[in-house]
Amino acid sequence: MTEPQRERVLSGTRPTGRLHLGHLHGALLNWVSLQQQYDCFFFVADWHALTSEYETSGVIAANVRELVADWLGAGLDPERATLFVQSKVKEHAELFLILGMITPLGWLERNPTYKEMQENLTAKDLSTFGFLGYPVLQASDILAYRAHHVPVGVDQLPHLEITREIARRFNFLFRNTFPEPQALLTKSSKVAGTDGRKMSKSYGNTLDLADTPDTLRAKVKTMFTDPQRKRRNDPGDPEVCPVYQLHRLYHPDAERVAEIGADCRAAKIGCVDCKKEMVEHLITGTEAVRERRAAALARPGYIEDVLDHGNLRARAIASHTLDAVRAAVGLPTEP
Ligand code: SF4
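Just so it is clear, the structure is predicted and the values come from calculations on it, not from any experiment.

*Asks:* Sorry if this is basic, but what is going on with the overall build of the chain here?
*Replies:* On a plain count of helices and strands, the chain comes out with 15 helices and five strands. In terms of overall dimensions, the chain is globule-like: its C-alpha atoms have a radius of gyration of 22 Å, near the 20 Å expected for 335 residues. On the principal axes, the C-alpha backbone points of the chain span a range of 75 × 50 × 40 Å. Within the chain, the proportion of its 335 residues that are buried is 35%. Considering only intrachain contacts with a sequence separation of at least 6, the fraction spanning at least 24 residues in the chain is 78%.

*Asks:* What exactly am I supposed to notice about the domain arrangement of the chain here?
*Replies:* A common way to state how big an interface is: give the accessible area lost once the parts meet. Domain assignment breaks the chain into domain 1 (8-191 + 300-329) and domain 2 (210-285). Once you take the C-alpha centre of each, domain 1 and domain 2 turn out to be 36 Å apart.

*Asks:* How should I be thinking about helix α2 (residues 46-53) in this particular structure?
*Replies:* Within an α-helix, residues lying three or four positions from one another point in the same direction, as the helix has 3.6 residues per turn. Of all the positions in α2, only Asp46, Trp47, His48, Ala49 and Leu50 are classed as buried. Looking at the buried positions of α2, the neighbouring elements they touch are β2 (39-44), α3 (60-74), β3 (81-85), α7 (129-132) and α8 (134-143).

*Asks:* Got a minute to help me understand the pairing of β3 in this structure?
*Replies:* In terms of burial, β3 is largely enclosed, as five of its five residues are buried. Neither face of β3 is open: one carries Ala81, Leu83 and Val85, the other Thr82 and Phe84, and all of them are buried.

*Asks:* How do you make sense of the site of the ligand when you look at a structure like this?
*Replies:* Inspection of the region around the ligand gives 13 residues, with Gly236, Cys241, Cys264, Cys271 and Cys274 positioned closest. The set of elements that each furnish at least two residues to the shell around the ligand consists of α11 (242-250) and α13 (271-285). With three residues, α13 is the single largest residue contributor to the shell around the ligand. Of the residues that constitute the shell around the ligand, the class distribution is eight nonpolar, two polar and three charged.

*Asks:* Just to check I follow, could you spell out the nonpolar core for this structure?
*Replies:* Soluble globular proteins tend to pack their nonpolar side chains together in the buried interior. One finds Cys40, Phe42, Val68, Trp71, Leu76 and Leu83 to be the most contacted residues of the largest nonpolar core, which totals 62 residues. The residues touching Val68, leaving out its near neighbours within four places in the chain, are Val44, Leu83, Ile303, Val306 and Leu307.

*Asks:* Is there a simple way to explain unusual backbone geometry in this structure?
*Replies:* Excluding glycine, a negative phi dihedral is what most residues carry, and trans is how most peptide bonds are arranged. Unlike most non-glycine residues, Arg146 shows phi in positive territory, near 45 degrees. Counting through the fold element by element, Arg146 comes out in the loop between α8 and β4 (149-152). You can call Arg146 partly exposed: it has 18 C-beta atoms within 10 Å. In this model, Ala267 sits at a positive phi of 55 degrees, which is unusual for a non-glycine residue. Structurally, Ala267 can be placed in the loop between α12 (254-265) and α13.

*Asks:* What exactly am I supposed to notice about the environment of Gly75 here?
*Replies:* Inspection of the secondary structure puts Gly75 in the loop between α3 and β3. Note on Gly75: 16 C-beta atoms within 10 Å, which makes it partly exposed. A sequence separation of 215 residues divides Gly75 from Arg290, and the C-alpha atoms of the two residues are 11 Å apart.

*Asks:* Where do I start with α3 in this structure?
*Replies:* Taking 1.5 Å as the rise per residue, α3 with 15 residues should run 21 Å; its terminal C-alpha atoms sit 21 Å apart, in good agreement. Within the sequence span of α3, burial applies to Ile60, Glu66, Leu67, Val68, Ala69, Asp70, Trp71, Leu72, Gly73 and Ala74. One or two steps after α3, the chain reaches Gly75, where phi turns positive at roughly 120 degrees.

*Asks:* I tried to follow the packing of helix α10 (residues 213-221) against α13 on my own but got confused; where do I start?
*Replies:* When two helices pack together, their arrangement is captured by the angle between the axes and the distance separating the axes. Interaxial distance between α10 and α13 falls to 10 Å at its minimum, and their mutual angle equals 150 degrees. Once α10 is placed against α13, the crossing between them reads as right-handed. On the side of α10, the interface is formed by Pro213, Leu216, Arg217, Val220 and Lys221, while α13 contributes Lys275, Met278, Val279, Leu282 and Ile283. Residue composition of the contact of α10 with α13, by class: seven nonpolar, no polar and three charged.

*Asks:* Which parts of the structure should I look at to understand the environment of Pro252?
*Replies:* Here Pro252 shows up in the loop between α11 and α12. Residues Pro252 and Glu239, spaced 13 residues apart in sequence, show a C-alpha to C-alpha distance of 19 Å.

*Asks:* Help me understand the pairing of β4, please; the structure alone is not making it clear to me.
*Replies:* When a strand is regular, its side chains alternate between the sheet's two faces. Bridging between β4 and strand β5 (residues 182-185) involves four bridges; their strand directions are parallel. Its bridge partner lying in β5, His149 is registered against Gln182. On the question of chirality, the crossover connecting β4 to the parallel β5 by way of helix α9 (residues 157-173) is right-handed.

The rules behind the values
Within each chain, residues carry numbers counting from 1 in the order of the written sequence. Local features in a predicted model are, by the rule used here, given only for residues with pLDDT of at least 70; side-chain atom pairs are given and counted only at 80 or more, and totals for whole chains, interfaces and linings are based on all residues. What counts as a helix is a DSSP run of H or I of at least four residues, what counts as a strand is a run of E of at least two, and both are numbered from the N terminus. Note that the radius of gyration is over C-alpha atoms, with the globule rule given as 2.2 Å times the number of residues to the power 0.38. Three exposure classes are used, all based on how many other C-beta atoms lie within 10 Å of a residue's own C-beta (placed from the backbone): buried at 20 or more, exposed at 12 or fewer, and partly exposed between those limits. Contacts are defined on C-beta atoms placed from the backbone: any two residues whose C-beta positions lie within 7 Å are in contact. Start and end points for every domain follow an automatic or database-based domain assignment. Here is the check we use: build the C-beta atom from the backbone, and if it is within 6 Å of the molecule or strand, call the residue near. Three classes are used, and their members are as follows: Ala, Val, Leu, Ile, Met, Phe, Trp, Tyr, Cys and Pro are nonpolar, Asp, Glu, Lys and Arg are charged, and the others, Gly among them, are polar. In this usage, the nonpolar core is the set of buried Ala, Val, Leu, Ile, Met, Phe, Trp, Tyr and Cys residues whose C-beta atoms join them within 7 Å. Here a helix's expected span is defined as the number of its residues, less one, multiplied by 1.5 Å. Interaxial angle, 0 to 180 degrees, is taken between N-to-C directions of lines fitted to C-alpha atoms, where a helix line uses only the stretch in contact. Each crossing is labelled by how the near helix is turned from the far one, with a counterclockwise turn of less than a right angle marking it left-handed and a clockwise turn marking it right-handed. Strand pairing requires that DSSP identify at least two bridges connecting the strands. Clockwise travel from the first strand over the helix to the second, with the strands pointing away from the viewer, marks a crossover as right-handed.

See below:
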């Protein structure tokens, strides 16, 4: 019996550095469960990395391999999901060009992320055509596969809306070619970094999937706790403490977590002991990730084979879409 056709899901990650617990709980564990139910396409967004990292592009190739190792470590299964590299499927670029012709400039200029990133990343010159146009590239990524769903957090809904608007405009101007992709809303799971702010590479506060147990122990040792708790005798507030958040995620015994919370409030437990207990559970809870990650890297040519296979599968589908796009627009079709 053949498996019924599964609906298609697409998402990607920019290869700009190691993935961390924020990525694991914010996206990857969700992807791992989606691959059971949907025909998932997950891509390494190396062209997207260029939109803001064009001055340090030399590290992108090495980051691709590590990123895919992180994905495999998290539990993505190349037998169930298609893992591929954006720049290996040139159809994304062709579709970007065609969609760029019909995307009004105002849609891009009013994109909230465009303004926000220009204001925040002042060290980089983001006044480029590529950066302004990246929502069009995102639309191309999604529409090249005629994806039905895109997993997004609430804050990314405006991006998906631009893709839906572009799809509608194309369908209106030419011929009904693209379905409007729907959001698969991902529960926001913001993991705090070691300094209590949102975990992010740019803050240097990450616990990485590739970190060894000793590195995790060293990082947790210096982790921020409740900032009001200056001395061992001061009562603490576990709700504002990033260490307690990780107890909740990784401690196998919920009763003990509640007890730690109560002991913190009553100043019966010190932060040093509390961290020691937490980090051992964190290490146990992420052991399978590190093992799968290391196994993927240790097999010669394995990651390259996974990507070669994924690139071919992705290309077959995207080139089929581009045939339909060229025909709809009235451009010569491929021989
Ligand atoms: S005792 Fe634990 S939960 Fe309380 S502030 Fe210290 S590290 Fe955080």
